[in-house]
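# Summary of structural features
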Amino acid sequence: MEAFLRYWMRWPSVEHLIYRYLWVWGVCQSLHFVGMALLIGTVGILDLRLLGMAKQFPVAAIKKLIPWGVFGFVLCLSTGVLFITGIYANINIHPYVVLTSDVFLQLKLLFVLLAGVNLLLFYVTGMSKAVDRLEAGEDAPPLAKIFAGASLGLWIAVMYFARLIPSGKFQP
Amino acid sequence: MWDFLESIENSGFSTYIRETPSVLGYSTVLALHTFGMAFLVGLSGVIALRVLGIIPELPMKPLKNLNVMIVVGFWVNAITGAILTSLAIRSLLTNWDFYVKLAAIACALVSLVKMRRYAFGDPAMRDDAPASADARRWAKLMLFFWFLAVLGGRLTAYATYIRIQSAEAVGVAAILLLLLASVLVRHANRSRSAEATRARASAAEPVTSTR
């Protein structure tokens, strides 16, 4: 399994791109941040509405923002994959070693996964459809508030652990 | 002056934040700086999306209430930004990219205030009404300056030649994206006007008399 992951996670083409064009890493980091701002801005406003802090919005109108949040997530995911697969070109450490020894990276990925599970449950339990009917001033059901609070907390945790990744310990 | 800056950099507070092995030091200040940025840029970006007519379904007036979160995001960013600057103030003040970042933030904040003034200035305005041309202009400028501020912020950590290469790459990408956007907008306008012409033609057709 380790041999498979070591082979699969290192992409020489991405490493070459980062070696050859020195701007790639910095520009992708900027795009990662733009994606994060889009994701937090759009998903955050929906979460705040469900928690009762921006009740003036009908929920259906706020949900129109979700494609922009998805776009932000895709931007983060694609640049994040580039960071992992090309990290050897930046710090000379195999991505497998980084992934298996940096506890902050592991926590970040865990919280991204939990945020995804939370979103899935929001749809599967029918809460997504239930809140669609909420007009301005109406309160969200308690279960929807729990999902919204969890979503906000999980994304904040993702950002927090992402910032701690460079201070993680690598054990090659 | 240089001695004064050195004393700030070597003060007990700055040294603690910079050198403590605890994650509650430098990393947490950096994380708070990111939270502030996400709320400030993210929420003002949502207002810009409505002002630019990209999401016309969002009611205009309630967006004004996002101001509280935007202001909180700004102050979190300003305080943590001042702390982070104090950790390496001498190298930052001799880094031109740092001034680009600060200028971009100042321009973005001015654009945000102007956009808000034009978008929410008229109390009689309907929630579903399109924003004025002035509001749209300031919204575009604000998004541009926020992007520049984020880019400048990220690139302060890099060597000058990498910054210059990055600026060139972003410039080329921006020109290509603008060309693509102008082609798409022209195509959308053409199909919209063709649709309007068809609708006018069908409305003008004489109704067949039954007499």
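Residues numbered from 1 in each chain as written. Chains lettered and ligands numbered in written order. Predicted model: local features only at pLDDT ≥ 70, side-chain atom pairs only at ≥ 80, totals over all residues.

## Re the overall build of chain B
Helix and strand content of chain B: nine helices and zero strands. Starting at the N terminus and ending at the C terminus, chain B contains elements arranged as α-α-α-α-α-α-α-α-α. Taken over C-alpha atoms, the radius of gyration comes to 24 Å for chain B, far larger than the 17 Å a tight globule of 211 residues would show. When the backbone C-alpha atoms are referred to their principal axes, chain B occupies close to 100 × 40 × 30 Å. Long-range contacts, defined as pairs at least 24 residues apart, comprise 80% of the intrachain contacts of chain B with a sequence gap of at least 6. (Helix = DSSP H or I, 4+ residues; strand = E, 2+ residues; numbered from the N terminus. Rg over C-alpha atoms; globule rule 2.2 N^0.38 Å. Contact = placed C-beta atoms within 7 Å.)

## Remarks on the overall build of chain A
Secondary structure summary: chain A contains ten helices and zero strands in total. The helix and strand sequence of chain A, counted from the amino end, reads α-α-α-α-α-α-α-α-α-α. Counting only C-alpha atoms, chain A reaches 55 × 30 × 25 Å along its principal axes. For chain A, the share of sequence-separated contacts (at least 6 apart) that also reach a separation of at least 24 residues comes to 78%.

## Some details on unusual backbone geometry
Phi at A:Asn92 is positive, roughly 60°, even though this residue is not glycine. Mapped onto the elements of the fold, A:Asn92 is located in the loop between α6 (87-91) and α7 (95-101).

## Examining the environment of B:Lys64
All names here are of chain B. With respect to the helices and strands, the residue Lys 64 is situated in the loop between α4 (60-63) and α5 (67-87). Take Lys 64: there are 13 C-beta atoms within 10 Å of it, and that puts it in the partly exposed class. A C-alpha to C-alpha distance of 7.8 Å links Lys 64 and Arg 116, two positions 52 residues apart in sequence. (Buried ≥ 20, exposed ≤ 12 C-beta atoms within 10 Å, placed from the backbone.)

## Section: the interface of chain B and chain A
Across the boundary between the two partners, chain B contributes 32 residues, which contact 29 residues of chain A. Of all the elements in the fold, those that place two or more residues in the side of chain B that touches chain A are α3 (26-51), α8 (133-155) and α9 (160-204) of chain B. The element contributing the most residues to the side of chain B that touches chain A is α3(B), with 14 residues. Here the residues of the side of chain B that touches chain A are counted per class, giving 23 nonpolar, seven polar and two charged. (Nonpolar A, V, L, I, M, F, W, Y, C, P; charged D, E, K, R; others polar.)

## Re the nonpolar core
Ranked by internal contacts, the top residues of the largest apolar core, which has 82 residues, are A:Ala37, B:Met115, B:Met142 and B:Trp146. Among the elements that take part in this core, helix α3 (residues 23-50) of chain A stands out by supplying 17 residues, more than any other. Filtering out sequence-adjacent residues up to four positions away, B:Trp146 remains in contact with B:Val41 and B:Ala108. (Core = buried A, V, L, I, M, F, W, Y, C linked by C-beta atoms within 7 Å.)

## Brief notes about the domain arrangement of chain B
Once the domains are mapped, chain B shows domain 1 (2-157) and domain 2 (159-205). A separation of 27 Å is found between the C-alpha centroids of domain 1 of chain B and domain 2 of chain B. (Domains from an automatic or database assignment.)

## Description of the packing of α3(B) against α5(B)
A pair of packed helices is captured by two measures, namely the crossing angle of their axes and the spacing between those axes. Residues and elements named next belong to chain B. Contact geometry of α3 with α5 gives a least axis separation of 8 Å together with a crossing angle of 145°. Crossing angle aside, the handedness with which α3 passes α5 is left-handed. Touching Val 29, Leu 30, Leu 32, His 33, Phe 35, Gly 36, Met 37, Phe 39, Leu 40, Leu 43 and Ser 44 of α3 are Met 69, Ile 70, Val 72, Gly 73, Phe 74, Val 76, Asn 77, Thr 80, Gly 81, Ile 83 and Leu 84, all from α5. Of the residues belonging to the contact of α3 with α5, the class tally is 15 nonpolar, seven polar and no charged. (Axes fitted to C-alpha atoms, helices over the stretch in contact; angles between N-to-C directions. Left-handed = near helix turned anticlockwise from the far one by under 90°.)

## Some details on the packing of helix α10 (residues 142-164) of chain A against α3(B)
In contact at an axis separation of 9 Å, α10(A) and α3(B) are set at 135° when each is read in the N-to-C sense. By the criterion of interaxial angle, the relationship of α10(A) to α3(B) is oblique. Once α10(A) is placed against α3(B), the crossing between them reads as right-handed. Residue-level contacts link A:Ile156, A:Met159, A:Tyr160, A:Arg163 and A:Leu164 of α10(A) to B:Ser27, B:Leu30, B:Ala31, B:Thr34, B:Phe35 and B:Ala38 of α3(B). In terms of residue class, the contact of α10(A) with α3(B) is made up of eight nonpolar, two polar and one charged. (Parallel < 35°, antiparallel > 145°, perpendicular 65-115°, else oblique.)

## Description of the confidence of the model for chain B
Of all residues in chain B, 97% have pLDDT values of 70 or greater, and the mean over the chain is 87. Across the predicted assembly, pTM comes out at 0.83 and ipTM at 0.80. (pLDDT = per-residue confidence, 0-100.)

## Digging into the confidence of the model for chain A
For chain A, per-residue confidence averages 90 on the pLDDT scale, and 98% of positions sit at 70 or higher. Mean pLDDT in chain A bottoms out at helix α1 (residues 2-9) of chain A, which sits at 87, and peaks at helix α8 (residues 103-124) of chain A, which reaches 95.

## Description of the environment of A:Leu121
Residue and element names in this part refer to chain A. With respect to the element layout, Leu 121 can be found in helix α8. Overall, the presence of 15 C-beta atoms within 10 Å leaves Leu 121 in the partly exposed class. Measuring from C-alpha to C-alpha, the distance between Leu 121 and Arg 133 comes to 18 Å, with twelve residues separating the pair along the chain.

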